[in-house]
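# Descriptive structure summary
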Amino acid sequence: MSKLFSPVQAGALSLGHRVVMAPLTRMRSDPGDRPNTLMRDYYTQRASRGGLIISEATPISRQGYGYAGAPGIYDDAQIEGWRAITDAIHEKGGQIVMQLWHVGRQSHPDIQPGGATPVAPSAIAAEGYGYASHGPVPFSMPRALQRDEIPGIIAEFGAGAARAREAGFDGVEIHGANGYLPDQFLQDGTNKRTDDYGGGIENRARFLLEVTQAAIHAFGADRVGVRLTPSGTYGSMFDSDPKATFGYVADRLDGLGIAYLHVVEPRIKGTELIADAEPIAVRHLRPIFRGTMIAAGGFDGTSAEALLQAGEADAVAFGRAFIANPDLPERLRLGLPLTPYDRDTFYGGDARGYTDYPFHGRAAA
């Protein structure tokens, strides 16, 4: 029997199947970074009974932006639009958690409020591009956060979690992956601080753990997840001992009793799948983190089923396949062909490449 379509518990979240929609930045919000009806239609199309959706990464402050057009959760005025989305998903029997985001150094003054310099644990620039309203801009040199600024950012994560709860979300996920601010604090390639947020693993992990605790205070531990990329290199990320660093974090998160740990495998380089790459991250962290484990990173139905049957993860997150296949769980369950995605419509735009992908007739029936 297929394990992919068996129920599983993730903290307080009771899932009817294990096909999770991964967080996907699409940049289609209204002015004021407000969710809109087009976004509601997009999410509603992809909701399924018993399924879990992780929202697109959602900035917890204007400072947290690196991609113009992303919807926010830093203002009470954004709650109403999100509430329309969560209500629609719940009506279809699905659940949704919000991914809370601060990009840190992966930004540019053209995207920052008042043209400010982006912030980071240390003044070390990243390679890559953000998206301003006028188009792509290279990541700029950040400034190192002052020690007294850090508690305010942690509080903004907590406030974002509280707004997400008011908007009807079933939980939140801390975006601790892909070289964004919590990841920048965590890895020693980007954190050269000499205060209590830098140096050894315990200090470098402090920011991520305190952000997670702020979300727990708003939602409860059994409705909080954390996403990590132990082998990720996006945004010029690296660590001298990732096995020790991420093992320590997994152990501490296990002690907090969070709902799930969401781990991106080293199966993706940039935007491409690495052929024959093994899902080694969950394999390493599984003995350390005893809670629910979600794996992501270029899986298809066959490789996802194999991972679950091996007991190395409890659910699998699918990203680009969900973009082009709003009925992905049913297509996988029935073994139906998948619609290819159009990369040119991933970021920004209108309904094209967003809400106009077809449902398979057999799956709909």
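Everything below is about the structure shown above.
Residues numbered from 1 in each chain as written. Predicted model: local features only at pLDDT ≥ 70, side-chain atom pairs only at ≥ 80, totals over all residues. Heavy atoms only, no water.

### A short note on the overall build of the protein chain
Definition in use: A run of H or I in DSSP counts as a helix once it spans at least four residues, and a run of E counts as a strand once it spans at least two, with each numbered from the N terminus. Every radius of gyration here is taken over C-alpha atoms, with the globule rule written as 2.2 Å times N^0.38, N being the number of residues. Residues count as neighbours in contact if any of their non-hydrogen atoms are within 4.5 Å of one another. Every accessible area reported is derived by Shrake-Rupley at a probe size of 1.4 Å, with residue values counting cover from the shown protein chains alone. Positive charges come from Lys and Arg alone, negative charges from Asp and Glu alone, with His and the N- and C-terminal ends not counted. Where a charge lies is defined by one atom per residue type, namely NZ (Lys), CZ (Arg), CG (Asp) and CD (Glu).
A count of helices and strands for the protein chain gives twelve helices and 16 strands. The C-alpha radius of gyration computed for the protein chain amounts to 19 Å, which stays within 12% of the reference 21 Å derived for 365 residues, consistent with globular compactness. C-alpha extents for the protein chain along the principal axes are approximately 60 × 45 × 40 Å. If you take every contact in the protein chain between residues at least 6 apart in sequence, the share linking residues at least 24 apart comes to 71%. Entry remark: accessible area of the protein chain is about 13900 Å², with carbon and sulfur atoms responsible for 51%. Measuring between centres, the 35 positive side-chain charges of the protein chain sit 3 Å from its 42 negative side-chain charges.

### Overview of helix H9 (residues 301-309)
Basically, it comes down to this: Any residue under 20% of the maximum accessible area for its type is buried, any over 50% is exposed, and the rest in between are partly exposed; the area is computed with a 1.4 Å probe on protein chains only. What the arc covers is the set of directions going from the helix axis to the C-beta atoms. We define a polar contact as two N or O atoms separated by no more than 3.5 Å, with the added condition that, inside protein, one atom must be a possible hydrogen donor and the other a possible acceptor, whereas residues neighbouring each other in sequence contribute only through side-chain atom pairs.
Turning to H9, its buried residues are Ala 304, Glu 305, Leu 307 and Leu 308. In a view along the axis of H9, the buried residues occupy a sector of 160 degrees, so they form one face of it. Structurally, the start of H9 carries an N-cap: the backbone nitrogen of Thr 302 is 3.2 Å from a side-chain oxygen of Asp 300. A positive backbone phi angle near 75 degrees is found at Gly 311, which sits one or two residues after H9.

### Some details on helix H1 (residues 37-46)
Residues of H1 that are buried include every one of Met 39, Tyr 42, Tyr 43, Gln 45 and Arg 46, and no others. Here the buried residues of H1 occupy an arc of 160 degrees about the axis, which is enough to place them on one side. Among the structural elements, strand S3 (19-21), strand S4 (52-59), helix H2 (79-91), strand S5 (95-101) and helix H10 (320-324) are those in contact with the buried residues of H1. Among the residues of H1, the N-terminal cap falls to Asn 36, whose side-chain oxygen and the backbone nitrogen of Leu 38 are separated by 3.2 Å.

### What to know about the environment of Tyr 347
Relative to the elements of secondary structure, Tyr 347 occurs in the loop between helix H11 (328-334) and helix H12 (361-364). Put simply, Tyr 347 and Ile 216 are 131 residues apart on the chain and 31 Å apart in space, counted from C-alpha to C-alpha. Contacts of Tyr 347, omitting those with residues within four sequence positions, involve Thr 25, Arg 26, Met 27, Arg 28 and Tyr 131.

### Some words on unusual backbone geometry
The phi torsion at Met 27 lies on the positive side, around 60 degrees, for a residue other than glycine. Along the polypeptide, Met 27 turns up in the loop between S3 and H1. Even without being a glycine, Asn 178 presents a positive backbone phi close to 55 degrees. Positionally, Asn 178 belongs in the loop between strand S10 (171-175) and helix H4 (181-186). On the basis of relative accessibility, which here comes to 22%, the residue Asn 178 falls in the partly exposed class.

### Description of the packing of helix H3 (residues 150-166) against helix H6 (residues 206-219)
Formally: Axis geometry follows a simple rule: fit a line to the C-alpha atoms, using only the stretch in contact for helices, then measure angles between N-to-C directions, giving values from 0 to 180 degrees. Handedness of each helix crossing follows the sense of rotation of the near helix against the far helix: counterclockwise by less than a right angle gives left-handed, clockwise gives right-handed. Basically, the charged four are Asp, Glu, Lys and Arg, the nonpolar ten are Ala, Val, Leu, Ile, Met, Phe, Trp, Tyr, Cys and Pro, and anything else, Gly included, counts as polar.
At a closest axis distance of 8 Å, the pairing of H3 and H6 adopts a crossing angle of 35 degrees. You can see that H3 and H6 cross each other, and the crossing is right-handed. Across the interface between the two elements, Ile 150, Ile 153, Ile 154, Phe 157, Gly 158, Ala 161, Ala 162, Ala 164 and Arg 165 of H3 pack against Phe 207, Glu 210, Val 211, Ala 214, Ala 215, Ala 218 and Phe 219 of H6. Taken together, the residues of the contact of H3 with H6 break down into 13 nonpolar, one polar and two charged.

### A few points about the sheet that holds strand S15 (residues 292-296)
Strand pairing in a sheet is mediated by backbone hydrogen bonds. Such pairs are either parallel or antiparallel. Rules: We call two strands paired when DSSP finds no fewer than two bridges between them.
Pairing in this closed barrel of eight strands is parallel, and the strands run S3-S4-S5-S10-S11-S12-S15-S16 around the ring. Between one strand axis and the next, the sheet turns through 25 degrees on average, direction left out of account. Where strand S11 (residues 224-228) lies against strand S12 (residues 260-264), four bridges are found, and the strand directions are parallel. The residue of S12 that forms the bridge with Val 226 is Leu 261.

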